[in-house]
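# Structure at a glance
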Amino acid sequence: MGRIAHRHRGPDGGTFALVTTLRAETETLDAALRHAAGLLSRDPAAAQRSAQEILEAHPDAHGARRVLAAALRLQGEPDRAADCLRAVADRHPESADVLHELGLCLGAAGRGQEAIEVLRRAVRLDPGHAGAWRTLGDQLSAAGDEQGSLEAFERHLRASTRHPELIEAADCLRTGKLAAAERITREVLKKDPVDVVAIRMLAEIGMKVGQFDDARHLLERCLELAPDFHLARHTYARLLLRRNELDGALQAIETLLQAEPKNPNFQLFKTAVLVRKGDHRAALELLERILEHYPAQASAWMNYGHTLKTVGRLDEAIRAYHKAIELRPAIGEAYWSLANLKVYRFSDAEIAAMRAEFRPETGDPDDQSHLAFALGKALEDRGEYDESFEYYRQGNAIRGRHHRFNPKKNVFDTARQIKLFDEQFFRSREGVGCPAPDPIFIVGLPRAGSTLLEQILASHSLVEGTSELPDIIALSRKLGGDRRRNPASAYPEILATLSPEQFRELGESYLRTSRVQRSGKVPFFIDKMPNNFQHIGLIHLILPNAKIIDARRHPMAGCFSCFKQLFAHGQTWTYDLAYLGYYYRDYLRLMDHWDAVLPGRVHRVQYEEMVADSERTIRALLEYCGLPFEPQVLRFYEQDRPVRTPSSEQVRRPIYKEGLEQWRHYERHLEPLKRALGPVLERYPI
């Protein structure tokens, strides 16, 4: 710079040369900075070298110091990166870009409160800085400020979109007005087909209505247009996790973590993938690191509790749930998680705290439904059945408003299965499918003893327990095609058009996609997705040697147990007593059909018989599965294995009889269920 200042003192020709030289040097510096910044996502070490070379020639180039800090952050040195930027931020307090990068570095170093203060300065300087708003949203979420986080993400959307109407669409999406959100988003895309914010939002809507293939195509297009659109990649990772494509979900989140290694929300998502993959040790280690840096993040404590519960560390799980409640008293899911242990008993103070937070008309619907179910369980344990029922009713009503169920469609779908799959259909396709005998399917309705059966079978030396695998349902949806063009779906009728080779390929596809849940050390594995009772025809055709077990429970006990169980997702028929009765009738009708057209194919285990004579029932179960008797299956409760379902603590104890008649305490409230069950109660009298 001294050399340039000296030339400035020359004659007019020297001044012209100076201006030309300054412009050339500026253009050269800008090009060098663009090159260094471009290396960040591909090769942070090379970006660091380029930034250092620029700083040797231009020590005051704060843009180069910002690239250097980002490169250090991406290489796992966030404290050094923050130190590198402090002086620059002091000399250039007006630079929102510098402050944003400093906020990223402080956040990556686990210095969350400092990061929030710096990022707030950045958005005050530049209210249109989309990146700073998004990073602030991440940090506020990590700090437990959910409302502040939501507001920051809304400002991020305002700053990042060219179409203000997408703000209204986002609000509709948040409040469950999906049709309005879709209409607005599609109108934007008609005008601007490559607007990635609108594309991502339409994909989000597609995920909420179950159009996962459409959502996937949209997100892949979005990331093709904008590879660094982190929110879209995060949504893509969530979609892959929802579809149980665990390796893909992990790869997507690792890509995000390469850009933001210490982003607590990305790390938290990674723990969810690890849990689904069965790597609970790695998940716990990562959660503990997150909580070390962000001890005020209620959602991290809750996930920590879920994982501890899964591996049987019950006392620690309870402490984690309590910590989440301490940090956010309205966090209904933590209260419900305690209730859902089935063995936890709430204190007077906890019940009073839940009552104080229960505001169904004004509170967050998710929190309020969880609180209602938790209060229902707490009062049930105290024998206060009438008030308990009222809370169960309100919790179901809240869920039902946001998650609709169509009983007529269920009747129609059941009728289609029965019409297609007659004896002749199976007789003409005898011998098709993949002959592998590996899977043991446990089907039926939830809360009918399926987890107990899984625990018993998984105690056998030749059988591995997995979880409720979505692979069969995913196959049925894939076969069904595009529901937007054909709302009825092409499934199951499309099965009539498949060749023997295609049935075999479908069976092999199931074994391939479910392999991620298996260790491969034993020959047989369990898939206990209850809803697979609707797909027994498909299972028989693609895996003719698989075993299928129907876990059944008395309709009054089973249906009421579903009514008071808050399921994480799906099972929308459980939110209304009449719908429960209708659904049970459809289930019974379809199972009777499978028994008629495929006699002996399905082995039934009646829960009440299991309780009355467990050894006889277990021996019959093993005989059906072709497994030799092993004494340890009678001591299934000693099995040390992760269990993710609501019955996790119950199956770690010997079989007990207390729950068989629990519904009778509520019988005066259950007339709608009795009426809906109708003739079923002649078959299963009360």
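Per chain, residues are indexed from 1 in the order of the written sequence. The model is predicted, so local features are restricted to residues of pLDDT at least 70 and side-chain atom pairs to those at 80 or more, both for listing and for counting; the totals for chains, interfaces and linings are taken over all residues. Think of the side-chain values as coming from all heavy atoms in the structure, minus any hydrogens and water.

### A look at the packing of aromatic side chains
Each aromatic ring pair is described using two quantities: the centre-to-centre distance and the angle formed by the ring planes. Inclusion rule: Only Phe, Tyr and Trp rings take part, Trp by its six-membered ring, and two of them pair if their centres are within 6.5 Å. Stacked means planes under 30 degrees apart, edge-to-face means over 60, and tilted covers everything else. Helix and strand labels come from DSSP, where a helix needs a run of H or I of at least four residues and a strand needs a run of E of at least two; each type is numbered from the N terminus. Working definition: with a 1.4 Å probe on protein chains only, accessible area under 20% of the residue-type maximum means buried, over 50% means exposed, and in between means partly exposed. Charge-over-ring placement is defined geometrically: NZ (Lys) or CZ (Arg) within 6 Å of the ring centre, and within 35 degrees of the ring normal.
Considering all chains together, one arrives at 24 aromatic pairs under this definition. Ring geometry for Y392 and Y666: centres 6.4 Å apart, planes at 55°, overall tilted. Of this pair, Y392 sits in helix α23 (residues 385–402) while Y666 sits in the loop between α33 (614–625) and α34 (671–677), and the two are 274 residues apart along the sequence. Both residues of the pair, Y392 and Y666, count as buried. Feature note: the residues W336, F373, Y385, F389, Y392, F560, F563 and Y666 constitute an aromatic cluster, connected by ring pairs. Just above the ring of F425 sits the side chain of R429; from NZ or CZ to the centre is 3.8 Å. Between the NZ or CZ atom of R619 and the centre of the ring of F629, over which it lies, the distance is 3.8 Å.

### What to know about unusual backbone geometry
Negative phi characterises most residues that are not glycine, and trans characterises most peptide bonds. Cis peptide bonds are those with omega within 30 degrees of zero, and the linkage from Y491 to P492 qualifies with 10°. In this structure, P492 sits in the loop between α27 (471–480) and α28 (500–514). A positive phi is found at K342, a non-glycine position, where the angle reads about 70°. If you trace the backbone, K342 turns up in the loop between α20 (332–339) and α21 (348–357). The exposure class of K342 is buried, given its relative accessible area of 13%. Positive phi, close to 65°, is recorded for R447, a residue that is not glycine.

### Observations regarding the side chain of H156
Cut-off, in case you're wondering: Note on contacts: a residue pair qualifies if any of its non-hydrogen atoms lie within 4.5 Å across the two residues.
Assignment of secondary structure puts H156 in helix α9 (residues 146–160). With a relative accessible area of 11%, H156 lands in the buried category. Excluding residues within four positions of it along the chain, H156 makes contact with A130, W133 and R134.

### Quick notes on the pattern of salt bridges
The condition that has to hold: Here, a salt bridge means any side-chain nitrogen of Lys or Arg that lies within 4 Å of a carboxyl oxygen of Asp or Glu.
Tallied over the entire structure, the rule returns 49 salt bridges. Between R183 and E187 there is a salt bridge whose closest N-O contact spans 3.7 Å. With a gap of four residues between them, R183 and E187 both fall in helix α11 (residues 178–191), about one helical turn apart. The class of E187 is partly exposed, set by a relative accessible area of 40%.

### Things to note about the environment of L189
Note that L189 resides in helix α11. Look at L189 and you get buried, because its relative accessible area is 15%. Sequence-wise, L189 and L202 are 13 residues apart; in three dimensions their C-alpha atoms are separated by 9.4 Å. In contact with L189, other than residues within four places in its own chain, are D195, A198, I199 and L202.

### A closer look at the sheet that holds strand β5 (residues 602–606)
What counts, and what does not: Criterion used throughout: strands pair if DSSP finds at least two bridges between them. Note on geometry: axes are C-alpha line fits, over the in-contact stretch for helices, and angles between N-to-C directions span 0 to 180 degrees.
Taken in spatial order, the five strands of this open sheet run β2-β3-β1-β4-β5, and their pairing is parallel. If you trace the sheet from one side to the other, it starts and ends with β2 (463–467) and β5, each paired once. Strand-to-strand, the axes of this sheet are offset by a mean angle of 25°, without reference to chain direction. With four bridges connecting them, β2 and strand β3 (residues 524–527) associate as parallel partners. Across the sheet, the residue bridging to S467 is D527, located in β3. Contacts from helix α26 (residues 450–458) reach β1 (439–444), β2, β3, β4 (547–552) and β5, with the element oriented near 145° to β2. Those strands touched by α28 are β1 and β3, and its axis lies near 90° from that of β3.

### Examining the environment of I205
Residue position: I205 is located in helix α12 (residues 196–208). For I205, a relative accessible area of 1% corresponds to the buried category. Sequence separation between I205 and K177 is 28 residues; the distance between their C-alpha atoms is 9.9 Å.

### Looking at the confidence of the model for the protein chain
We count it as follows: Every residue is assigned a pLDDT by the predictor, reflecting its confidence on a scale from 0 to 100.
Counting all residues, the mean pLDDT for the protein chain is 88, and 92% of those residues have values of 70 or more. Every residue in residues 1–22 is under pLDDT 50, and counting partners more than four places away or in other chains gives nine contacts.

### Re the nonpolar core
This is how the line gets drawn: We call a set of buried residues a nonpolar core when its members are Ala, Val, Leu, Ile, Met, Phe, Trp, Tyr or Cys and they connect through side-chain atoms within 4.5 Å of each other.
In this structure, L457, L495 and I549 are the most contacted members of the largest nonpolar core, which totals 133 residues. Ranked by residue count, the leading element in this core is helix α31 (residues 577–597), at 10 residues. Excluding residues that lie within four positions of it along the chain, L495 makes contacts with F421, F425, R429, L479, F503, L538 and L541.

### Some points on the packing of helix α6 (residues 96–108) against helix α7 (residues 112–125)
Counted only if it meets this: For classification purposes, angles smaller than 35 degrees are called roughly parallel, those larger than 145 roughly antiparallel, those between 65 and 115 roughly perpendicular, and all remaining angles oblique. With the far helix as reference, a near helix turned anticlockwise by less than a right angle produces a left-handed crossing, and one turned clockwise produces a right-handed crossing. Residue classes follow a fixed rule: Ala, Val, Leu, Ile, Met, Phe, Trp, Tyr, Cys and Pro count as nonpolar, while Asp, Glu, Lys and Arg count as charged, and any other residue, Gly among them, counts as polar.
It is at 8 Å that the axes of α6 and α7 come closest, and there the two elements cross at 165°. With respect to α7, the element α6 is oriented roughly antiparallel. The two elements α6 and α7 cross, and the hand of that crossing is left-handed. Judged by residue contacts, A96, L99, H100, L102, G103, L106 and G107 of α6 engage G112, E114, A115, V118, L119, R121, A122 and L125 from α7. Residues of the contact of α6 with α7, tallied by class, amount to nine nonpolar, four polar and two charged.

### Regarding the packing of helix α13 (residues 212–225) against helix α14 (residues 230–242)
In the contact formed by α13 and α14, the axes pass within 10 Å of each other and the chain directions differ by 150°. As judged from the angle between their axes, α13 and α14 are roughly antiparallel. Note on packing geometry: the crossing formed by α13 with α14 is left-handed. Along the contact surface, α13 presents F212, A215, R216, L219, E220, C222 and L223, while α14 presents A232, R233, T235, Y236, L239, L240 and R242. A per-class count over the contact of α13 with α14 returns nine nonpolar, one polar and four charged.

### A look at helix α5 (residues 78–91)
Selection criterion: Working rule for helices: expected span equals 1.5 Å times residues minus one. A residue's bend is the angle separating two fitted axes: one through the seven residues that end there, the other through the seven that start there.
Compared with the 20 Å implied by 1.5 Å per residue over 14 residues, the 20 Å span of α5 between its first and last C-alpha is a close match. Considering bend angle alone, the principal kink of α5 is centred on L85 and spans about 30°. If you check which residues of α5 are buried, you get P78, A81, A82, C84, L85, V88 and A89. Packing partners of the buried residues in α5 comprise α4 (62–74) and α6.

### Observations concerning the pairing of β5
Most of β5 sits inside the fold, with four of its five residues counted as buried. Direction of pairing for β4 relative to β5: parallel, over a ladder of five bridges. The residue of β5 that forms the bridge with I548 is V602.

### Some remarks on α13
To be explicit about the condition: Throughout, the arc means that of the directions going from the helix axis to the C-beta atoms.
Given a rise of 1.5 Å per residue, 14 residues ought to cover 20 Å, and the 20 Å separating the end C-alpha atoms of α13 matches this to within 8%. Within α13, the full set of buried residues consists of F212, A215, L219, C222 and L223. End-on view of α13: buried residues confined to an arc of 90°, all on one side of the axis. Set apart from the buried face of α13 by more than 90 degrees, the exposed residues are H217 and E224.

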